[in-house]
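One-letter residues, chain by chain:
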Amino acid sequence: MEQRRRAELSRSLWMLWIGLGCVRGQGAYAPANARIVHSGQACVVKEDDISERVYTIREGSTLVLVCLVTGHPRPQVRWTKTAGSASERFQEATVLNQTLRIGRILRVQGGRYYCKAENGVGGPAIKSIRVDVQYLDEPVLTVHQSVSDVRGENYYRERTVFLRCTVNSNPPAHFSWKRGSQMVIQKQDDGVDIYEPLYTQGETKVLKLKDLRPRDYANFSCLVSVRNVCEIPDKSTSFLLKNTTAPPILSLSLPEQLVVNPGEDIEMECSVDAGDPKPSLWWTHSPGPMPTNVRIEGGKLWIREIGPGQAGFYNCSAKNGVGNLAKKSVEVRVRALSNGRFWITPDTFHDDEKIQLNREVKVSCQVDAVPQDELIYSWYKNGKVLKPTNRIIISKNDQEFQPGSTSLDIIDMRFSDSATYTCVASLRSQAVPAISIDVNISTNIVPPAIQVVREVVEVKEGSVAELGCLASGKPKPVVLWSRVEMEPSLSWGEEGLESPDGALRLENVSREMSGNYRCRTGQYNSLNVKPREGLVQLNVLYPPTVEPQYEDVRQRLGRALTLSCKLLTGNPPRVTSVLWSFNGNPLEAADTEQQLISDWQIDRLSSKGYGMYRCILSNEVGSDTCLFNLTGRAYEPEFYYDTPSPVRMQKGNLYTFILQWTQKLPNAVGDVVKYKLEIKQEGPLGVWMGPEYISINKTIETGSLLTYTLRNLRIPHSYILKLTPITSYGPGDTAGRDIQYNPASYPAPSGDLICGFEDEQICGFTQDSSDSFDWTRENNVTQNPKNTPNTGPRFDNSGKRTGYYMFIEASNPRRPGDKARLLSPLYNVTKKVKFGMNRVIPFCVNFYYHMYGKHVGSLNVVVRALGVRPVETQVWTLSGNQAERWQQGNVTINPEGPFQVVLEAVRGPGFLGDIGIDDVSITKGSCARRPFSEKDVLPRGRNAAVLSVSPSLCVSLLLLTVPSTELLLR
């Protein structure tokens, strides 16, 4: 009976700690906190020289970043990215998940990734990590010779030759050269010079061969390496330099410019006249890709029935790694005539806008021609050839208009000059039909005018809008449309959109197309006078948008409340009608005055008032709806995820879990009197167990932390549970949670824990969120090659390159006194009662430490006793340089209740102060002792360590190396 009473008391104290010790801020509510860890194919995770972590990964590997969050309620996580290539679009999106995964990562996806966690309590928590993508491309080796030394096409002796090796890599590559099988070392060979051009930023190395010697005719190799970073292998390329080495020289069978008639067949051949080694040859076309009716065979190219669409530059290129790229081009132009236009200009000296007798008038004509120099113009009057006179002047290339134009000036116009004048444009070869343009000249010509059909056009969104401007004049002018405020979302030219009949038709108009449109008369095919303009306003009507679209309203009986539906946008921006309904039945007419907000007031809520309320706001075009679901259901529970690690029971293959939660808005409806708990084992054979009811004996306050112990959970199964609050109104909303069994989070069945940090879960150890910085897990392979020398471990305690350990990096931005704390899993132990006496079970904390460096700080072992509030006691400490080797430390502790072991490292006065730990074990029983020998004693000195043991706990300590005999434990 006494043993059971003591067990119940112990459990009550444990529950009391759970209920009070984790409460922060207002009850258990706590702001979001975040930490980024990786579980992908990382090469190195290190601290950079600023303050952020750098995650190094090989291109093509899988990036996995996990944002571990704490806080209550459970924070929502969002990933964003900045930096990287401008073509990488990730920064414009977000990933709403704790895990960010990018398979086969590309170099352009490097940059800084941000994890933002927020839960509405305080400000958001933002952490970032810089992802550095490592890669090494195949190097490219090219050969060049000094321009001043060129005496022909071959590379002979007494020439200066440059071997240029270029590669893209991250980090910058290391270059080395070989002549045959021998390394080329600049200081050992006066005939070579190795340097890096200034403009290449580390991506190019040049091997300069001065006054080429017979032994330089050899096979040269360029080797590039990133020193096995991310296990990227070295790469190389080679070039055989001979006395016949020469750059490529090309010749084309056609001249640089070729003018052809449409429909002709074209054949051209590109020949390699020189080059050693043999050059590779290819064809390209610009602008645009190679036309589909082109056939290529080696250096020959055929174009069948060429048209204007196949015109352009046909480029033949060759390279062999010697000198620069060789290129020959043929510009193929296809004869064509298009776009005939005319202008009529009244007497410019008198600023006339109509044609008058005894005044000057000029008729201009312009046609686009290919080629322009073959263009020929002819003028006719009433069908007969017009010959120049002293009053009739014909000229080419009118300065006022585009190139390729012609003008007819009629000076001192007479009645007999009224006629139809024809401008005929043709090519000298007559390969394409001529273009004729007729222009009627008389005093009956009327200046242009424009009239807007409707100044304001209103249409519904999604329909067709027709904007009209009537243009008059003789000849009738062209109408051009343009957008006044901004560029329209249509493909309009620089002058605007041409409309033959003066109408602008817009399909499927959107609200963004509302605005002013300008119509004006064009200056071509009409009188060349000041254009006439008109404005048309397009007003696109669209239905209203309201808020809230849907709102879940919880309210208890007897209270007053107001439901509000607000108009956000709409055109016209006014409300024409308001209709409220309840569960599909219309409510009495609401005030229909033009108000942007409509309220429904409930003075005293009754049980019949629960249901769905609907508010429909309408304008002249359409309507939108606000929905309010008014219930007396309690909100769902909010699970508390910052719970200490679950505990394995000492007997049987079972474990327990402390379920913790708060009640969301507990005062929204009636008091929660109990919770319904349902649980089932994950897997196809799992069945729901329960329900079990958890009684609540008092009113729940906002933020109050509620706990319940789940027992007899079987290892290694995971479970799914549902928790539902129940009030006098009935069951509320249900919240679900998974309980995952992870062996790394639990002590071993006997209570022992042995950890070499080989697993990424680090045996259930966790980083203390209240410390200054975190411990880092690494091995010799993942070490940063730029790590500070003369400090920190190079290998783990076993001496293996692949063995992991934990260490602190003392470099910038760390400051003296900064702490990193590693928390062990929770041990739920109690005193044992035997023969009427309490017996405390001892535990041995054994570990290996590495404390090497001039500025090493302190390593502390702290026991955190968990009671009503945590109490921490330092039980072991060591300071200062302990030489470059792993050494063993252990301490016996005698906890009287639930506890955790804290491994705390304190940064010393400088950056040469890295501290490592490995092979940590927490086992039942006292630590074993060994006989003391004189080799354990070190002389006193400046670097002597300082060791102290707290008297507050019964401890036993063993060190393989101690700084003085005075500290020997008896």
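Rules used in this analysis
Residues numbered from 1 in each chain as written. Predicted model: local features only at pLDDT ≥ 70, side-chain atom pairs only at ≥ 80, totals over all residues. Heavy atoms only, no water. Pairing = 2+ DSSP bridges. Helix = DSSP H or I, 4+ residues; strand = E, 2+ residues; numbered from the N terminus. Phe/Tyr/Trp six-rings, centres within 6.5 Å; stacked < 30°, edge-to-face > 60°. Buried < 20%, exposed > 50% of the residue type's maximum accessible area, 1.4 Å probe, protein only. Lys NZ or Arg CZ within 6 Å of the ring centre and 35° of its normal. pLDDT = per-residue confidence, 0-100. Contact = heavy atoms within 4.5 Å. Salt bridge = Lys/Arg side-chain N within 4 Å of Asp/Glu carboxyl O.

Novice: Please explain the sheet that holds strand β29 (residues 384–385) as it appears in this structure.
Specialist: One key point about sheets: their strands pair by backbone hydrogen bonds, in either a parallel or an antiparallel sense. As summarised here, the arrangement of the 4 strands in space is β29-β28-β32-β33, forming an open sheet in which the pairing is antiparallel. Each end of this open sheet is capped by a strand with a single partner; those strands are β29 and β33 (435–441). The pairing of strand β28 (residues 375–381) with β29 spans 2 bridges and is classified as antiparallel. For Lys 381, the partnering residue across the bridge sits in β29 and is Lys 384.

Novice: I tried to follow the pairing of strand β42 (residues 533–547) on my own but got confused; where do I start?
Specialist: Every other side chain in a regular strand lies on the same face of the sheet, so the side chains alternate between the two faces. With 5 bridges connecting them, strand β35 (residues 456–460) and β42 associate as parallel partners. Residue pairing in the sheet places Val 456 in a bridge with Gln 537 of β42. Alignment of strand β40 (residues 515–521) against β42, held across 6 bridges, turns out to be antiparallel. Looking across to β42, one finds that Asn 516 is bridged to Gln 537. Two strands pair when backbone bridges link them, and β42 and strand β44 (residues 561–571) are joined in this way by 4 bridges, in the antiparallel orientation. Each residue of the ladder has a partner; that of Tyr 542, found in β44, is Asn 571.

Novice: What should I look at first to understand the packing of aromatic side chains in this one?
Specialist: Aromatic rings considered in pairs are described by the distance between their centres and by the relative angle of their planes. A full pass over the atoms with the stated rule returns 12 aromatic pairs. Measuring from centroid to centroid gives 6.2 Å for Tyr 610 and Tyr 729, while their planes differ by 90°, and the two rings are edge-to-face. One end of the pair, Tyr 610, is in the loop between β47 (597–602) and β48 (611–618); the other, Tyr 729, is in the loop between β56 (719–727) and β57 (730–731), and 119 residues separate them in sequence. Exposure remark for Tyr 729: the relative accessible area of 31% places this residue in the partly exposed category. Both rings, one in Trp 661 and one in Tyr 675, keep their centres 5.2 Å apart while their planes meet at 75°; by these two values the pair is edge-to-face. Of this pair, Trp 661 sits in strand β52 (residues 654–663) while Tyr 675 sits in strand β53 (residues 672–681), placing them 14 residues apart in sequence. Like Trp 661, the residue Tyr 675 is buried in the burial classification. In this structure an aromatic cluster arises from ring pairing among Trp 580, Trp 600 and Phe 628. The positively charged end of Arg 554 is found above the aromatic ring belonging to Tyr 635, 4.4 Å away from the centroid. Its end group placed over the ring of Tyr 804, Arg 777 keeps NZ or CZ at 3.6 Å from the ring centre.

Novice: Explanation requested: the confidence of the model for the protein chain in the structure shown.
Specialist: Low pLDDT means the predicted coordinates in that region are not meant to be read closely. This prediction gives the protein chain a mean pLDDT of 83; 83% of its residues lie at or above 70. Considering only residues more than four positions removed or in separate chains, one finds that residues 1–26, a stretch of pLDDT under 50, has 41 contacts. Taken together, the stretch residues 931–970 has pLDDT below 50 and engages in 74 contacts with residues farther than four places along the chain or on a different chain.

Novice: Which parts of the structure should I look at to understand the pattern of salt bridges?
Specialist: Opposite charge on two side chains lets them pair, provided their charged atoms get close. Counted by the stated rule, this structure contains 32 salt bridges. Its salt-bridge partner being Arg 532, residue Glu 353 comes within 2.5 Å of it at the nearest N-O pair. Taken together, the residues span a long stretch of sequence, with Glu 353 in the loop between β26 (336–346) and β27 (361–370) and Arg 532 in the loop between β41 (526–527) and β42 at a distance of 179 residues. According to the relative accessible area criterion, Arg 532 is partly exposed, its value standing at 22%. When the shortest N-O distance is used, the salt bridge between Arg 821 and Glu 904 registers 2.8 Å.

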